[in-house]
Structure formats: structure tokens, C-alpha cells
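# Structural characterization, general
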Amino acid sequence: MDHKLSAPLPPLGWNSWDCYGAAVTEEEVRGNAEYMARHLKEFGWQYVTVDIQWYEPYANSSQYRPFVPLIMDEHSRLMPAENRFPSAAGGRGFKPLADYVHGLGLKFGIHIMRGVPRQAVHAASPILKTSATARDIAHPNSICPWNTDMYGVDASKEGAQAYYDSLFELYAQWGVDLVKVDDIAASRLYDTHQPEIELISRAIKRCGRPMVLSLSPGPAPIEYADFFAEHANMWRVTDDFWDLWPLLLDMFDRCRTWQGVPQPGCWPDCDMLPLGHIGIRSVDGGGSDRWTRFTRDEQLTMMSLWSIFRSPLIFGGELRDCDDWTLSLLTNRDVLRMHRESRGAREALREGDLILWTAEGPDKERYAALFNIGDEARSFDLGLEQAGLQGYQDGLELWSGASAALSEDALRAEVPPHGVRLYRFS
């Protein structure tokens, strides 16, 4: 099966990291899935993903406990900690939780670290369907700089492919629909881990179940764009993204670098949306239990840039605490239609504090996002020819529902600091 068919559209979903770090529980995953099914599924939101260290019984935040015992089966494969995921008892793994999520009409995802557990390597634990052990396939000099759970896998070793095949065979049995693989797309110590990406991509093709392959962290190197498109469905173009204006401002450069690359099955990923109630047990990003530090205008800017660029949209907050404002960001049908159907997004203009992105709709609509990256409100007069809007007469601002101020030769817009006006013209 062509892996691109696993993600014909950029995925929409929820991930546990921004609110719970490494410490999410089954009850919290089920609760967020139930909220998504009730309030977001009809708008296209579908993936519910358990982020890092679900196999660590005593994980309590986004701060990893180094060199602690992890839950593992007899074939060197990590298993959910039953004290945090009670339905995993009796060797059932994530199948009961995945079944529950599927029963809500949604899809289930998990996070894994690249490599083989260190404790399996030290114990020379067996690997399914090969005489090689975890010690035989390990690349002990290939380590993650921020997490001690794994050694890398040496793709040249006998048993390396069998190990990854056994992982994804297990995930297929569980009913996993998305796998986010970390410490693989970019590295502070090494280049992109292309040999392990190839092992994983091959294992997914062999496992008999369609799965979205998401690669982290970033920034993924643009010179490997063709490689990522061949082997994965989404890959991070940034390091961890948090609710700070300098990080959001930086994303304009990253999206410009990757413009033209998004296509069915291949989605450069701007990272999770740190919206709503975050930091509950995640102290990453320089914060603690909080509502997003982004202003409302900054939240609109983020949603507009991610959506016109067609990044995956993965919500990071505790869904059950969403207020009306946050929910409105996730359920704007006009914006979601642009995200789903538009093509050819590009940065059309950058002049002073103005950044203009444009894209085409399937019925000859034209989308235009006017961003004010300055610290003061600005009034922009944008020539229609300059904006590629010659011949367009009707325009709608998609967040407010207001009509565009179009004259014969210009689009006039008042844009607040760090804000946006997102238009559809017909």
C-alpha cells in the first residue's frame, strides 16, 4: 500500500504532551477522546495520540527520570504501564484503549522513541523471529541527548529490520493508526537518522495496517524533503513549539522555507497548537499550569498560518477545559475548508511589518492572509495586482465574517499587533 494514502489530508487531532508531558493517564486520554467525538469529530478532528513514555510507570511531568526501569515484554518491546493504563493489564497493551477510541469514530496514535530499550540491550533480550538479541542490533553510540530510554538501532545489523517489524506488527494488533517517532527527524548530535527511518517505513508497509508516520523533532533539513516525502507522512519543521511570540514569529521563516512541499500524504509539520489549558503536568516551554500565553490575535495568527500552509493541526491543550473562544478556533468551517482543500500556498509579500500569504481554492477562490508582525496596529492598503486579486470582487474575512474592504485597486485592512486578517475572495 502506498504510504501516502494514509494521510491524503493533513491530520487533525489531539496530543497529550502540551498538557500532561510524559505523565498522561488512560482516564485523561479517554476523556479527551470523548470530548473530541462530541464536539470536534464533525469538523474533521480524529486523531487521539498518547505522547512519550507511556511505558514509564512513575513518569510525573515533562521532566524525564533517567535510567529508570521501563515496562517491556519478552521480545524487547515496550508496553503500557498498567498503573497508568489499567486496560493494558494481562498483556493486552493498547488494544482496549484503541478499541474504545475507534468506538467513538476516532483514530488512535502513540509516540515512540527511535531505537531499542537500553534495558533490553543490557539484558541481551530476544527479538521476535530472529536469533539476534537487542544487544546485537544496538548502536550504543547513537543516543538521544535528552532522554535515556533507548539506544539507536544499527540498520546494518542482522535482526535490525526484524526488531522494527515486530514493533509495528504489535502496533497493528493493537489497532494503532498513527505513530509519532521521536529523536529521528533532526538531532543535536547527529544528522537525520535516515537508516532507521527506512527500517520503520518498511515495517509499516509490512504490518498490514495503514498508519500515519510522524517524525520528530525538528527542524528537519529542507535538503531531505524528497526523502521525508518518500518515507513519512508528516515531519517537524521546528523544534518544540510553545506559546511565545518569538517562536511564532520564527515560524514565518520556516513555512517560507517549506512552501510548495505540502501535498497529499506529505505534510511538513509546524508542531502542536499550544492553545487552551496547557502545562498541567508539562513544565516544558518555560511555563507551568496555565492558559495559553498567546493573545487572542496571536492565536488567530497561529491558526491562520498553520491552516493556509496546511500543516497538520494537533491541539495540545486539555480539550475538556475548552472555553467558547478556544472551541471557535477549532470549529471554523471556512478556515477548515481552506486547510482541507486549498493548494499552492506561498508567501506572496514581505514588506516591513506586513507578511502576505496566498493560496488557491478548488473553485477558483483565492485566499489571502495579511499578517501584522509588528507591535502596533497597522492599516494596510494592498494593491489588488500586488496581492494577485485582480478581478475578484467579493471577499470575506473568515474569522469575523466581515466583508473585505475592496476598492477598484486596493484591499484595505486594519490589522492589530501580532494579528491577522484571513480572507476568501470569489
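None of the values given here were measured: they were computed from a predicted structure. (Residues numbered from 1 in each chain as written. Predicted model: local features only at pLDDT ≥ 70, side-chain atom pairs only at ≥ 80, totals over all residues. Heavy atoms only, no water.)

### Overview of the overall build of the chain
What counts here: The helix count covers DSSP runs of H or I at least four residues long, the strand count covers runs of E at least two residues long, and both are numbered beginning at the N terminus. The globule rule used for comparison is 2.2 Å times the number of residues to the exponent 0.38, while the radius of gyration itself is calculated over C-alpha atoms. Buried, partly exposed and exposed residues are distinguished by accessible area as a fraction of the type maximum, computed with a 1.4 Å probe on protein chains only: under 20%, between the cut-offs, and over 50%, respectively. Contacts are assigned to residue pairs with any non-hydrogen atoms lying within 4.5 Å of each other. For the accessible areas, the method is Shrake-Rupley and the probe is 1.4 Å, while residue cover comes only from the protein chains on display. Positive charge is attributed to Lys and Arg, negative charge to Asp and Glu, and no charge count is given to His or to the chain ends. A single reference atom marks each charge: NZ on Lys, CZ on Arg, CG on Asp, CD on Glu.
A tally of regular secondary structure across the chain gives twelve helices and 21 strands. Here the C-alpha atoms of the chain give a radius of gyration of 22 Å, agreeing with the 22 Å that 2.2 N^0.38 yields for 426 residues. Taken over the C-alpha atoms alone, the chain extends approximately 75 × 40 × 35 Å along its principal axes. Sorting the 426 residues of the chain into buried and exposed places 62% on the buried side. Here the analysis covers contacts within the chain between residues at least 6 apart in sequence; of these, 73% occur between residues at least 24 apart. For the chain, the computed accessible surface area is about 16000 Å², with 49% contributed by carbon and sulfur atoms. With 42 positive and 60 negative side-chain charges, the chain shows a separation of 4 Å between the mean positions of the two kinds.

### A short note on the nonpolar core
Rules: By convention a nonpolar core is built from buried Ala, Val, Leu, Ile, Met, Phe, Trp, Tyr and Cys residues, the set being connected through side-chain atoms within 4.5 Å.
Among the nonpolar cores identified, the biggest contains 126 residues, and Trp 45, Phe 168, Tyr 171, Trp 235 and Trp 357 are the most heavily contacted of them. Top contributing element to this core by residue count: helix H6 (residues 160-174), with nine residues. Non-local contacts of Phe 168, meaning those with residues more than four positions away in its chain, are made with Ile 112, Val 179, Ile 200, Ala 203, Ile 204, Cys 207 and Met 211. Ala 368, Phe 380, Val 415 and Tyr 423 belong to the second largest nonpolar core, which has 17 residues in total.

### What about the UniProt feature "domain: Alpha galactosidase C-terminal" (unreviewed entry) in the chain?
Note the threshold: UniProt positions are given in the numbering used here, feature names are shortened, and annotations may be inferred rather than shown by experiment.
The positions that UniProt labels "domain: Alpha galactosidase C-terminal" (unreviewed entry) are, in the present scheme, residues 351-425. The span residues 351-425 carries 0% helix and 52% strand; its end-to-end C-alpha distance comes to 22 Å.

### Observations regarding helix H9 (residues 245-258)
Worth spelling out the cut-off: Take the residue count of a helix, subtract one, and multiply by 1.5 Å to get its expected span.
In this model H9 runs 20 Å from its N-terminal to its C-terminal C-alpha over 14 residues, within 8% of the 20 Å that 1.5 Å per residue would give. The complete set of buried residues in H9 reads Trp 245, Leu 248, Met 251, Phe 252, Cys 255 and Trp 258. Positive backbone phi, at 90 degrees, marks Gly 260, one or two positions downstream of H9.

### Topic: the environment of Ser 400
By secondary structure assignment, the location of Ser 400 is in the loop between strand E18 (395-397) and strand E19 (405-406). The exposure class of Ser 400 is exposed, given its relative accessible area of 55%. Sequence separation of Ser 400 and Arg 340 is 60 residues, and the distance between their C-alpha atoms is 20 Å.

### Observations concerning the packing of aromatic side chains
Stated precisely, the cut-off is as follows: Pairing of aromatic rings covers Phe, Tyr and Trp, the last through its six-membered ring, and needs centres within 6.5 Å; plane angles under 30 degrees mean stacked, over 60 mean edge-to-face, and all others mean tilted. Two conditions define a charge sitting above a ring: the NZ of Lys or the CZ of Arg must be within 6 Å of the ring centre, and it must be within 35 degrees of the ring normal.
On inspection of all chains with the given rule, the structure shows 20 aromatic pairs. On the numbers, 5.6 Å between centres and 90 degrees between planes, the contact of Phe 94 with Trp 174 is edge-to-face. In this pair, Phe 94 sits in the loop between strand E2 (47-50) and helix H3 (95-103) while Trp 174 sits in helix H6, placing the two residues 80 residues apart along the sequence. Just as Phe 94 is buried, Trp 174 falls in that class too. Between the NZ or CZ atom of Arg 30 and the centre of the ring of Tyr 100, over which it lies, the distance is 4.4 Å.

### Considering the packing of helix H10 (residues 296-309) against helix H12 (residues 333-341)
How we decide: The angle between two axes is taken between their N-to-C directions and runs from 0 to 180 degrees, where each axis is a line fitted to C-alpha atoms and a helix contributes only its stretch in contact. Note on residue categories: nonpolar means Ala, Val, Leu, Ile, Met, Phe, Trp, Tyr, Cys or Pro, charged means Asp, Glu, Lys or Arg, and polar means any other residue, Gly included.
Relative to each other, H10 and H12 sit at 35 degrees, their axes nearing to 7 Å. Across from Ser 304, Trp 306, Ser 307 and Ile 308 in H10, the residues of H12 making contact are Val 335, Met 338 and His 339. Here the residues of the contact of H10 with H12 are counted per class, giving four nonpolar, three polar and no charged.

### A word on the sheet that holds strand E4 (residues 116-117)
Put simply, the test is: In this description, strands pair whenever DSSP reports at least two bridges between them.
Taken together, the three strands give an open sheet; going across it, the order is E4-E6-E5, and neighbouring strands pair in antiparallel fashion. Two strands in the sheet have a free side with no partner beyond their single neighbour: E4 and strand E5 (138-143). As defined by bridge partners, E4 adjoins strand E6 (residues 150-153) across two bridges and the pair is classed as antiparallel. Bridging across to E6, Pro 117 finds its partner in Met 150. Together, E4 and E6 form the strand contacts of H6, whose direction differs from that of E6 by roughly 120 degrees.

### What to know about the packing of H6 against helix H7 (residues 194-206)
The test is simple: Reported orientations rely on four angle classes, namely roughly parallel under 35 degrees, roughly antiparallel over 145, roughly perpendicular from 65 to 115, and oblique for the rest. Handedness of a crossing follows from how the near helix is turned relative to the far one, being left-handed for an anticlockwise turn of less than a right angle and right-handed for a clockwise one.
The geometry of H6 relative to H7 is characterised by a closest axis approach of 8 Å and an angle of 50 degrees between their N-to-C directions. Relative to H7, the element H6 lies oblique. H7 is crossed by H6, and the crossing has right-handed handedness. The residues of H7 that touch H6, namely those facing Ala 160, Gln 161, Tyr 164, Asp 165 and Phe 168, are Glu 196, Leu 199, Ile 200, Arg 202, Ala 203, Ile 204 and Arg 206. In terms of residue class, the contact of H6 with H7 is made up of seven nonpolar, one polar and four charged.

### Topic: the pairing of E2
Our working rule: Think of it like this: strands point away, you trace from the first strand over the helix to the second, and a clockwise trace means the crossover is right-handed.
Burial of the side chains of E2 extends over both faces: Tyr 47 and Thr 49 are buried on one face and Val 48 and Val 50 on the other. Looking at chain direction, strand E1 (residues 12-15) and E2 are connected through three bridges and run parallel. Considered in E2, the bridge of Trp 14 is made with Val 48. Pairing analysis gives four bridges linking E2 to strand E3 (residues 107-113), with the strands arranged parallel. Looking at E3, one finds that Val 48 is bridged to Phe 108. Handedness of the crossover joining E2 and E3 through H3 is recorded here as right-handed.

### Quick notes on the pattern of salt bridges
Selection rule: One side-chain nitrogen of Lys or Arg within 4 Å of one carboxyl oxygen of Asp or Glu is enough to make a salt bridge.
Overall, the coordinates contain 30 salt bridges when judged by the stated rule. Its salt-bridge partner being Glu 169, residue Lys 129 comes within 3.2 Å of it at the nearest N-O pair. With a gap of 40 residues between them, Lys 129 in the loop between helix H4 (118-122) and helix H5 (134-137) and Glu 169 in helix H6 connect regions that are remote in the sequence. Each of Asp 253, Arg 256, Glu 347 and Arg 350 takes part in a single network of salt bridges with overlapping partners.

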